[in-house]
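Structural characterization, general
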Amino acid sequence: MRDFAPQPFQQLMHSGSRWLLIVCIVLAVACGKEKAAPALSPVTQPTTPPAPDNTFTNPLLPSGADPWVAQKDGFYYYMNTTYTDLRIWKTAKMSDLSLANSTTIWRPEANSPAGGNLWAPELYFLDGKWYVYYSAGPAGTNLGLQRTWVLENSAADPTTGTWINKGRVYNPNADFWAIDGTVLEQNNKRYFIWSGHDGVNGIQRLYISKMSNPWTLTGPRVELSSPEHPWENVGPPYVNEGPEIIKHDNKTFLVYSASFCGTDSYALGMLTSTATADPMLPASWTKSSKPVFTQSPVNRAFATGHNGFFKSKDGQEDWLIYHANSNPGEGCVEKRNPRMQKFTWNADGTPNFGTPVAINTPLTKPGGE
């Protein structure tokens, strides 16, 4: 019985050994290849460099009404309404405004005539000094005492130095409610333009007076515009406010905000004059019959208004900065946020502001940034 199966088993073992040897050889070769792979020259795949970070999105800040931009020595100085104080954001790039720190330059005395409701600051470099014009009145809810005030600073950088209160900017013969002061320089003369009342009713009109220095008005107060078109009379109150100046070629444009800021219909209108005309003469100005910039619900821009202008850092582009709400019915409170967009010029030399661009959409940064 011992001799019955040994031979086939030995044959099987002999045959299996050969197969086992073959398998080991194959595995050894495979393992050898795996170990040898790192020693081979690696294949370099072409890579595409990342796209340059040349875009930004609106809004520029989560909140901030009545935005204003001044430029000097390669820097932008930005301001907006904060209600309780005055602050300046200094930045080399407007598209990086959200990264800039703000400097508080003025806190009024609590019980002063300008102790609260600080609105619409505008910063200028005039006659070798910095000036901030702003609207304010007593702290509290009585807004009927709002007036325009001015501060002065002789430092080269407005975020440094000492700010001196130069008092109110007003016409002593027509000392009524007055806000949103701005400066026009034309024909080697300086003028102040603001929004105010006529002493009879609460309709906000645009007025102009000559300036004898950066804090003093002289001569008569002249009315340039009042709400007359339907798009200017969404309210009440009925409003022309936030006057701003921009010049191009041989023309001067006075862009202003119309209708009550608490409505979604808040929009921009425009007066046009020649660059050599006497701005004190109402006949020098032609008023637009339609708004030149208005809301865009599809782009989530409501109550678009109270604007400013600035040049790109390379000096080749014109930019509009303004505030808007991101949702309907948000009124004129802290939900207003600053936005900016490039604009062009029509063949007749008038500005073409286009349509408010959509929020959270990448836009190319201003030239030079």
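This report concerns the structure included in the present document. (Residues numbered from 1 in each chain as written. Predicted model: local features only at pLDDT ≥ 70, side-chain atom pairs only at ≥ 80, totals over all residues. Heavy atoms only, no water.)

**Remarks on the overall build of the chain**
When helices and strands are counted, the chain shows one helix and 22 strands. By residue count, 48% of the 369 residues in the chain fall in the buried class. With the model as given, the accessible surface of the chain reaches about 18,200 Å², and the carbon-plus-sulfur share is 56%. (Helix = DSSP H or I, 4+ residues; strand = E, 2+ residues; numbered from the N terminus. Buried < 20%, exposed > 50% of the residue type's maximum accessible area, 1.4 Å probe, protein only. Areas by Shrake-Rupley, 256 points an atom, 1.4 Å probe, with all protein chains shown as cover.)

**As for the nonpolar core**
Of all hydrophobic cores here, the largest spans 31 residues; its most connected members are Leu86, Leu123, Tyr133, Tyr134 and Trp163. If you tally residues by element for this core, the top one is strand β7 (residues 129-137), at six residues. (Core = buried A, V, L, I, M, F, W, Y, C linked by side-chain atoms within 4.5 Å.)

**Section: the sheet that holds strand β13 (residues 216-225)**
Pairing is antiparallel in the open sheet, where four strands are placed in the order β10-β11-β12-β13. Single-partner strands in this sheet number two, and they are β10 (178-186) and β13. Looking at each pair of strands side by side, their axes are set apart by 25° on average, direction ignored. (Pairing = 2+ DSSP bridges. Axes fitted to C-alpha atoms, helices over the stretch in contact; angles between N-to-C directions.)

**Regarding empty space enclosed by the protein**
Tallied over the full model, the rule gives one cavity of 30 Å³ or more. In this structure, the largest cavity encloses a volume near 90 Å³. Tyr170, Asn171, Phe176, Ala178 and Trp194 are the residues nearest the centre of the largest cavity, which is lined by 15 residues in total. Each residue belonging to the lining of the largest cavity can be placed in one class, and the counts come to nine nonpolar, two polar and four charged. (1 Å grid on protein atoms, 1.4 Å probe; cavity = no way out; pocket = protein on both sides within 12 Å on 5 of 7 lines; lining within 4 Å. Points joined across faces, edges and corners; volume = space filled by probe spheres on them. Nonpolar A, V, L, I, M, F, W, Y, C, P; charged D, E, K, R; others polar.)

**A few points about the state of the cysteines**
With the rule as written, the count across this model stands at one disulfide. Linked covalently through their sulfurs, Cys261 and Cys332 form a disulfide whose S-S length is 2.4 Å. Here Cys261 and Cys332 share a disulfide; its torsion about the S-S bond, 50°, makes the bridge right-handed. Taken together, the residues Cys261 in the loop between β15 (251-258) and β16 (267-274) and Cys332 in the loop between β19 (318-325) and β20 (337-345) connect sequence positions 71 residues apart. In this structure Cys261 comes out as buried when scored by relative accessible area, which is 14%. The class of Cys332 is partly exposed, set by a relative accessible area of 21%. (Disulfide = S-S within 2.5 Å.)

**As for the side chain of Asn153**
Looking at the element boundaries, Asn153 is found in strand β8 (residues 147-153). Engagement of the side chain of Asn153 in a polar contact is seen with the backbone oxygen of Thr160, the distance being 2.7 Å. When neighbours within four sequence positions are excluded, Asn153 is seen to be in contact with Lys129, Trp130, Pro158, Thr160, Gly161, Thr162 and Trp163. (Polar contact = N/O pair within 3.5 Å; in protein donor to acceptor, adjacent residues only side chain to side chain. Contact = heavy atoms within 4.5 Å.)

**Focus on the packing of aromatic side chains**
Each pair of aromatic rings is reported with the distance of its centres and the angle of its planes. Applying the stated rule across the entire model yields 19 aromatic pairs. Ring centres of Tyr76 and Phe310 lie 5.6 Å apart, and the angle between their planes is 75°; this geometry places the pair in the edge-to-face category. Of this pair, Tyr76 sits in strand β3 (residues 75-81) while Phe310 sits in strand β18 (residues 302-311), and the two are 234 residues apart along the sequence. Given a relative accessible area of 2%, Tyr76 falls into the buried group. Taken together, a centroid distance of 6.5 Å and an interplanar angle of 85° make the contact between Phe293 and Phe353 edge-to-face. On the criterion of sequence distance, the pair formed by Phe293 in the loop between β17 (286-287) and β18 and Phe353 in the loop between β21 (351-352) and β22 (363-364) is long-range, its members being 60 residues apart. With respect to burial, Phe293 and Phe353 carry one shared label: buried. Here a set of aromatic residues connected by ring pairs shows up, and it is made of Phe253, Phe293, Phe309, Tyr322, Phe343, Trp345 and Phe353. Over the ring of Phe75 we find Lys90, and its NZ or CZ is 4.3 Å from the ring centre. (Phe/Tyr/Trp six-rings, centres within 6.5 Å; stacked < 30°, edge-to-face > 60°. Lys NZ or Arg CZ within 6 Å of the ring centre and 35° of its normal.)

Any link to function would need more than the numbers given here.
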